[in-house]
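Observations on the three-dimensional arrangement
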Amino acid sequence: MGLLSDPNRRKALTGLLTRLNTPICIVCYLAGIVWFMGLAFEPFTLRTYMSENAMGSTMVEERFSSGERALSLAKEFDPPSACCGLNGMPVEWLVKAMQSRGLEVFTQSFSRKLPFPDENKERYMVRGTNVYGILRAPRAPRTEALVITAPCSPGNTNNQAVALLLALAQYFRNQIYWAKDIIFLVNEHDLIGTQAWLEGYHHTNITGMEYSPLQGRAGSIQAALSLELSSDVITSLDLVLEGLNGQLPNLDLANLFYAFCQKLGVLCTIQGKLQRNDWDTAEGYTHAAQTMMLMVLKQACGRSWGDHGLFLRYHIEAASVRGINSFRHYKTDATTIGRLLEGMVRKLNNLLERLHQSYFFYLLPSLSRFVSIGYYMPAFGLLAVILLLRALDLWVHLGAPALAAVDGVTEPSSPGVLTVLTPVVISHLTGVALYLLPVHLQEMAVEHFPVSETEAVVLTAIAIYTAGLALPHNTQRLLSGEGTEQGWKVLKLTALLYLAVLLGCTALINFSLGFILAVTLVPITASITPHMPKALYAVVMVLLSPAFTILYCVFIYQELIEAPVSVSEGWMLFLSVISQGILDHALYGSLVYPLLALFIYPCWLMFWNILFWN
Amino acid sequence: MAAPLTLLLIVAVTIRAVLFRSSWAELISERVEVVSPLNAWKRVVEGLALLDLGVSPYSGDVFHETPFMIYLFHFVVDYAEIVFMVTDGITAVALYLSIQTYNKNVFRKQKYALESDRYPADCLELLRSPKEMFYIPLKVAMFYLLNPFTILSCVAKSTCGLNNAIIALFILCTLKGSALLSGILLALATYQSIYPLTLFAPALLFFLQRLYIPVNLRRSSFWFFTLQYAFIYVGSLVVITGLSFFLLGSWDFIPSVYGFIFSVPDLTPNIGLFWYFFAEMFEHFRLFFICVFQINVFFYTIPLSIKLKEHPVFLIFMQIAIISIFKSYPTVGDVALYMAFLPAWSHLYRFLRNIFLVSCVLLACSALFPVLWHLWIYAGSANSNFYYAITLLFNFGQVKSLNLISHFT
């Protein structure tokens, strides 16, 4: 490290970094944003290709033909009130139907009390039954399995998918080429049922669900597909990839779906958007950028956008296929969908090992083009480097007076430790309060205020968040304020490094969440000092705080799915997003809410403390 | 200084007690960065169970602790948490007293040198005042007790804490000048894990310096004292090993403990450098590379002893650091022991160039260890290369920081 150990060159380098610090930071920030937006530009993306040999070279001829019979079966499964509404799932009908098709049928009952009522799906005490049938592979050892699932829940009429599942089961039963067991799962109460089934299958209990143990098992699951059809005919199939905590299945699964859609002539979409060919026009680029931004927003919120999302945690590659019926004149019938599923399952049947050849970290501006981690990570890296440059600048400034000082001056950390430690501890205690109190205090809030439990939880969270803004005025009274100039610099150095490590770890696990937080947090945290105009900067800091970031994301998301909302509707959506986030954490173990409450919010509070350092 | 030390001990015990009772204790005791096959509590319990059944605890290749350890825990297994907290307290107090003694010696030498005008004028700012040196032992104890690595190691009930206590007591006895106790404790530390063998040289140099015996291979006084000290050391080692034989009635523990440390058969990932390398190795070359890696740990004793013979305490610190970086199954508890010594040389911090970069690297790596473990084992999106990259970077950061600190002399 000659450059860094030669004192003259060191001084020159550090002098350069100190003088040009602000321009370099601004350039890096703009470069990061431009790089990210440029990812959607088609020449910068790669065409998708099938990486797994076992899935690429085999010829599959689909012969499924009982689409119409499936639809008539769906009508038997109708009407919705009997299916999945007031009387719950018709468990006996399903068990009989599966048994008559030669599957080994088992049921699992589960129950869960939500921490507070879920207003979106209107449930609080959830009790249900999963029904699943196993088609045993005729001549192979029963060590591996595939899962096809059709969620059946109140308010989401999925009869056609369940019926198609049964028709496929009957067709598959007569084939001899199955090497893996196939499990046909019909789960109730969508994600909660899937979670109960997966926990029962893998003998874990990570979310406090009560379930009866599974009577029948089929070996380790290699892949899973979830099917949601809402009508008899569909015009396009939508692929949903985003899972819990932003985890994505292997790209080969998306490639498989796309390949079969091409083969069978089915229109396929991602994020509900069709692919365009005019990448060199502004509209083409905007379309791709919108698709990519939708994926980023969906991945960042950390919830599972389809039943497949919970499978990913167990290292099972899974994707959801959703049928959409919109106004096009070319319609696809159930037989074609059946053939698509048959083809996909046959290809998955050929796998020798779990899907691992293709990418696990990617962004999709369209179904046929992808951006891999090597291309999108530098955008985040450019934003993180700003924090490190600022920290280096502060370190140099903190070290400089010490070198020129007369002996007897103690080093800055010695009396400053307490002045730095107090804001850190208080911020983190506020974060812990934000994490624990909303759910625990809901009964007390409901007693004293005329609100429902869900509103109580969300409003308590917002109240604690806002109360944290008042902290600096109280913290300052506790401190002596000794060595103030050094004090805030040390606190800012600590907070910058803490934020850099935090955002880095977040970006590794969930790139979209890390990037969105970096885009809003990095500019304010890098430039904050107590010497700026307090009122203006206070407003800017609040407008770029994590809560407002969520609000902006809600509005941007609504714009992108072409359903823009007014301010009041957006506010209601924002409140429901917060309650969903807390519920996701309690029910499935999503990490977004604890991350924001316990780490990002205290970090932001430390910078808020610096702004009001007097 | 008794009051602040007591307060520090109370705070440390409270933190550990709170963590012991929380749900994180189980999670922490499973982390590979904190426990290794040599010092995991699960294995101690397994060995005790085998002992209760009348079978040799070393059968089955699960248990790799020494017989003294089994018998100690045979009696105190119900109070294990208190034992580990007390051990941390003993280590902290031992470090406190030893740094106090060291500071007194250094200050006395400084006073004599100042009076005989041996310091050039521009060194005056480096001289330490009693006021500065008053707080250093407390800072050392604080650096050890409140270090997150130590707390994690204690909550996981890793026997690394006990090894650290023995080494800390050895340092205390050496600095107080008692050759007998120092030899016995060094033998005990070597008996626990072989690597403290390298601390023989710095301890010897310290005693020679203290007794004003010049380090000259032609002088008989040098050989006389060396043989005395070596006799105490080797004698205690033989006695301890013999006692272990009589405790369990067989020599099983030698291949199970020392054979295990040297031949590294278990390749569970940890924060050391051995596991990935030997996972990729062909059987053909395994013996050669085992020898190379193990010699690497012991080899630095010779040049360091020659270079640092005037500063034996600093040499002890460097040796402990080298052991905890290059040993076959390091854990964060080993790292915590040498990090505790850093405040002793706090007056020289301004000469640490690049300390910012190195500390950032170490901090980032400590945060990235669990993230990449999760991505590898649970999410399946990464593989062992990612985890080993962070291991390499962590060890590089440690080596770099040692490099910087060695500029102190």
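Remember, predicted model here, so these are calculated numbers, not experimental data.

**Quick word on the overall build of chain A**
Along its length, chain A carries 23 helices and 12 strands. Here the C-alpha radius of gyration of chain A, 27 Å, is about what a compact globule of 614 residues would show, namely 25 Å. Structurally, chain A occupies a C-alpha span of about 90 × 60 × 45 Å along its principal axes. When burial is assessed residue by residue, chain A has 56% of its 614 residues classed as buried. Across chain A, contacts joining residues at least 24 apart in sequence account for 82% of those joining residues at least 6 apart. Accessible area for chain A stands at about 25,500 Å²; split by element, carbon and sulfur atoms hold 63% of it. Side chains of chain A carry 40 positive and 45 negative charges; the gap between the two charge centres is 5 Å.

**So, the nonpolar core**
Counting 333 residues, the largest nonpolar core has Phe 36, Phe 172, Phe 184, Trp 197 and Phe 257 of chain A together with Tyr 229 of chain B as the members making the most contacts within it. At 15 residues, helix α23 (residues 592-611) of chain A tops the list of elements feeding residues into this core. Phe 172 of chain A has contacts with Leu 135, Ile 148, Trp 178, Ile 182, Phe 184, Glu 342 and Val 345 of chain A, leaving out every residue within four places of it along the chain.

**Regarding the packing of helix α2 (residues 7-19) of chain A against helix α3 (residues 21-38) of chain A**
Residue and element names in this part refer to chain A. Running from N to C, α2 and α3 cross one another at 65°; their axes reach a closest spacing of 4 Å. In terms of axis orientation, α2 runs roughly perpendicular to α3. Contacts between α2 and α3 pair Leu 17, Thr 18 and Arg 19 from the former with Asn 21, Pro 23 and Ile 24 from the latter. Residues belonging to the contact of α2 with α3 are distributed by class as follows: three nonpolar, two polar and one charged.

**Observations regarding the side chain of Glu 52 of chain A**
Residues and elements named next belong to chain A. Along the chain, the position of Glu 52 falls in the loop between β1 (46-47) and α4 (53-56). Buried within the structure, Glu 52 lacks any salt-bridge partner; its nearest side chain of opposite charge belongs to Lys 180, at an N-O separation of 9.7 Å. With sequence-adjacent residues up to four places away left out, Glu 52 is seen in contact with Asp 252, Leu 351, Arg 354, Leu 355, His 356 and Gln 357.

**Quick notes on the sheet that holds strand β5 (residues 181-186) of chain A**
Residue and element names in this part refer to chain A. Read from one edge to the other, the open sheet built from nine strands follows the order β6-β2-β3-β5-β4-β7-β10-β8-β9, with strand pairing classed as mixed. Here the strands that pair on one side only, and so sit at the sheet edges, are β6 (210-211) and β9 (268-270). Of the pairings in the sheet, the one linking strand β2 (residues 104-118) to strand β3 (residues 123-135) comprises 11 bridges and is antiparallel in character. Paired with Phe 106 across the two strands is Tyr 132, which belongs to β3.

**Notes on the packing of helix α4 (residues 67-76) of chain B against helix α11 (residues 220-248) of chain B**
All names here are of chain B. The interhelical angle for the contact between α4 and α11, taken along N-to-C directions, is 55°, at an axis separation of 9 Å. Between α4 and α11, the crossing angle belongs to the class labelled oblique. Mapping the contact onto sequence places Pro 67, Phe 68, Ile 70 and Tyr 71 in α4 and Ile 240, Leu 243, Ser 244, Leu 247 and Leu 248 in α11. Its residues placed into classes, the contact of α4 with α11 shows eight nonpolar, one polar and no charged.

**Some thoughts on the pairing of strand β8 (residues 236-240) of chain A**
Residue and element names in this part refer to chain A. β8 sits mainly inside the fold: five of its five residues count as buried. On β8, burial covers both faces: Ser 236, Asp 238 and Val 240 on one face and Leu 237 and Leu 239 on the other are all buried. In terms of strand pairing, β8 meets strand β10 (residues 317-324) through five bridges, oriented antiparallel. Counterpart to Asp 238 in the pairing with β10 is Arg 322. Both β8 and β9 contribute to a ladder of three bridges, which runs parallel. Counterpart to Asp 238 in the pairing with β9 is Thr 269. Handedness of the crossover joining β8 and β9 through helix α10 (residues 251-264): right-handed.

**Here's the deal with the UniProt feature "transmembrane region" (unreviewed entry) in chain A**
All names here are of chain A. The sites that UniProt annotates as "transmembrane region" (unreviewed entry) are residues 20-41, 373-396, 416-437, 457-475, 495-524, 536-558 and 595-613. Across residues 495-524 one finds 97% helix and 0% strand; the C-alpha atoms that close the span lie 12 Å apart. Split by type, residues 595-613 is 89% helix and 0% strand. Its first and last C-alpha atoms lie 26 Å apart.

**Things to note about the UniProt feature "transmembrane region" (unreviewed entry) in chain B**
Residues and elements named next belong to chain B. Under the UniProt annotation, the feature "transmembrane region" (unreviewed entry) is placed at residues 134-155, 167-188, 194-213, 225-251, 257-278, 285-302, 314-342 and 354-379. Annotation note: span residues 257-278, helix share 55%, strand share 0%, distance between end C-alpha atoms 19 Å. Secondary structure over residues 354-379 splits into 92% helix and 0% strand, and the C-alpha atoms at its two ends are 36 Å apart.

**Regarding the state of the cysteines**
Under the criterion given, the structure shown has zero disulfides over all chains. Cysteine Cys 261 of chain A remains unbridged, with the sulfur of Cys 268 of chain A as its closest cysteine sulfur at 4.1 Å. Free of any disulfide, Cys 505 of chain A has its nearest cysteine sulfur in Cys 365 of chain B, 10 Å distant.

**Points about the environment of Ile 561 of chain A**
Looking at where Ile 561 of chain A falls in the secondary structure, it is placed in the loop between α21 (546-560) and α22 (567-588). When its relative accessible area of 35% is taken as the criterion, Ile 561 of chain A is described as partly exposed.

**Details of the packing of aromatic side chains**
Taken as a whole and judged by the stated rule, the model has 69 aromatic pairs over all chains. Taking 4.6 Å as the distance between ring centres and 55° as the angle between the ring planes, the aromatic pair formed by Phe 172 of chain A and Trp 178 of chain A counts as tilted. Phe 172 of chain A sits in the buried class, given a relative accessible area of 1%. With centroids separated by 5.6 Å and ring planes inclined at 75°, the aromatic side chains of Phe 134 of chain B and Tyr 135 of chain B adopt a geometry described as edge-to-face. Note on Phe 134 of chain B: relative accessible area 44%, which makes it partly exposed. Among the residues examined, Tyr 135 of chain B registers a relative accessible area of 47% and is labelled partly exposed. Joined through ring pairs, the aromatic side chains of Trp 275, Tyr 276, Phe 369, Trp 373, Trp 376, Tyr 387, Tyr 388 and Phe 394 of chain B make up one cluster. The cationic tip of Lys 298 of chain A hangs over the ring face of Trp 305 of chain A; the distance from NZ or CZ to the ring centre is 5.1 Å. One cation-aromatic arrangement involves Arg 303 of chain A over Trp 305 of chain A; the distance from NZ or CZ to the ring centre is 4.6 Å.

**What about the pattern of salt bridges?**
Side chains bearing opposite charge may pair, as long as their charged atoms lie close to each other. Per the counting criterion, the structure on display carries 17 salt bridges over all chains. The salt bridge partner of Lys 263 of chain A is Glu 62 of chain A, with a shortest N-O separation of 3.3 Å. Here Lys 263 of chain A is found in helix α10, whereas its partner Glu 62 of chain A is found in the loop between α4 and α5 (67-77), with 201 residues between them in sequence. Judged by its relative accessible area of 47%, Lys 263 of chain A falls in the partly exposed class. Judged by its relative accessible area of 10%, Glu 62 of chain A falls in the buried class. Asp 88 of chain B is the salt-bridge partner of Arg 16 of chain B, the closest N and O atoms lying 2.8 Å from each other. Note that Arg 16 of chain B is positioned in helix α1 (residues 2-21) and Asp 88 of chain B in helix α5 (residues 80-115), a separation of 72 residues in sequence. Overlapping salt bridges bring together Glu 104, Arg 136 and Asp 181 of chain A as one network.

Calculation criteria
Residues numbered from 1 in each chain as written. Chains lettered and ligands numbered in written order. Predicted model: local features only at pLDDT ≥ 70, side-chain atom pairs only at ≥ 80, totals over all residues. Heavy atoms only, no water. Helix = DSSP H or I, 4+ residues; strand = E, 2+ residues; numbered from the N terminus. Rg over C-alpha atoms; globule rule 2.2 N^0.38 Å. Buried < 20%, exposed > 50% of the residue type's maximum accessible area, 1.4 Å probe, protein only. Contact = heavy atoms within 4.5 Å. Areas by Shrake-Rupley, 256 points an atom, 1.4 Å probe, with all protein chains shown as cover. Lys, Arg positive; Asp, Glu negative; His and termini not counted. Charge placed at Lys NZ, Arg CZ, Asp CG, Glu CD. Core = buried A, V, L, I, M, F, W, Y, C linked by side-chain atoms within 4.5 Å. Axes fitted to C-alpha atoms, helices over the stretch in contact; angles between N-to-C directions. Parallel < 35°, antiparallel > 145°, perpendicular 65-115°, else oblique. Nonpolar A, V, L, I, M, F, W, Y, C, P; charged D, E, K, R; others polar. Salt bridge = Lys/Arg side-chain N within 4 Å of Asp/Glu carboxyl O. Pairing = 2+ DSSP bridges. Right-handed = clockwise from strand over helix to strand, strands pointing away. UniProt positions renumbered as here; feature names shortened; annotations may be inferred. Disulfide = S-S within 2.5 Å. Phe/Tyr/Trp six-rings, centres within 6.5 Å; stacked < 30°, edge-to-face > 60°. Lys NZ or Arg CZ within 6 Å of the ring centre and 35° of its normal.

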